[in-house]
Amino acid sequence: MTGKLSARDLLTIGDVARRTGAAVSAIRFYEEKGLIEPVRTRGNQRRFLRSDIRRLSFILIAQRLGLSLEEIALIMKGLPHGRTPTARDWRRISTTIRARVEDQIAELERTRDRLDGCIGCGCLSLDKCAIYNPDDRLGESGPGPRQIVAPKA
Ligand code: FES
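Asker: What is the right way to look at the nonpolar core in this model?
Answerer: In summary, soluble globular proteins display a tendency toward joint burial of nonpolar side chains. By size, the foremost hydrophobic cluster in this structure holds 25 residues, and its most contacted members are Ile27, Leu56, Phe58, Ile59 and Ile72. Elements supplying a minimum of two residues to this core: helix H1 (13-20), helix H2 (24-32), helix H3 (51-64), helix H4 (69-76) and helix H5 (87-118). By residue number, the principal contributor to this core is H3, which donates 5 residues. Both domains that furnish three or more residues to this core are identified here as domain 1 (1-70) and domain 2 (86-142). When near neighbours in sequence (up to four residues on either side) are disregarded, Phe58 contacts Ile72, Ile75, Met76, Trp90, Ile93 and Ile97.

Asker: So what exactly am I meant to see when it comes to unusual backbone geometry here?
Answerer: Most peptide bonds are trans, and most residues other than glycine sit at a negative phi. At Asn44, a residue that is not glycine, the phi angle is positive and equals roughly 65°. Looking at the secondary structure, you find Asn44 in the loop between strand S2 (39-40) and strand S3 (46-49). Residue classification places Asn44 among the exposed positions, given a relative accessible area of 51%.

Asker: Would you explain the sheet that holds S3 in this entry?
Answerer: Hydrogen bonds along the backbone pair up the strands of a sheet, which may run parallel or antiparallel. With antiparallel pairing, 3 strands are arranged side by side in an open sheet as S1-S3-S2. Strand pairing shows two members of the sheet lacking a second neighbour, strand S1 (10-11) and S2, which therefore form its edges. Bridging between S2 and S3 involves 2 bridges; their strand directions are antiparallel. Across the sheet, residue Val39 finds its bridge partner in S3, namely Arg47.

Calculation criteria
Residues numbered from 1 in each chain as written. Predicted model: local features only at pLDDT ≥ 70, side-chain atom pairs only at ≥ 80, totals over all residues. Heavy atoms only, no water. Core = buried A, V, L, I, M, F, W, Y, C linked by side-chain atoms within 4.5 Å. Buried < 20%, exposed > 50% of the residue type's maximum accessible area, 1.4 Å probe, protein only. Helix = DSSP H or I, 4+ residues; strand = E, 2+ residues; numbered from the N terminus. Domains from an automatic or database assignment. Contact = heavy atoms within 4.5 Å. Pairing = 2+ DSSP bridges.

Next up, the structure:
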């Protein structure tokens, strides 16, 4: 186990799953992606710090807000390694998330404002539909069919 930590400071993956509501398989997945880093006991069992509950909660909330795992990983690089993040650390991180959420809100508001012209129309015209092809973005990528729904990470 790590230096100053006692067994009481460390949680099993089951403890973390119960505290966060995340599935054990999801916690392992986040570990594989490097988003959380449990310590290992002398017997090579995975143990989590109490602060990992907050890290995991952050990941779950950020995913719910629509952030990709890559975005979350990038943001979490701003958290300290090897110590419990302070309130100040979390405030700094939340500022980044806030900016991202505000961008999302602005995009949704633009979509809502364009919606009025589309309700009852249904043409989905590449030339004139501001919902289907806002600012003719599809046209910028070249001629022919350009609409691909990318799988989420
Ligand atoms: S559906 Fe016709 S303009 Fe959008």
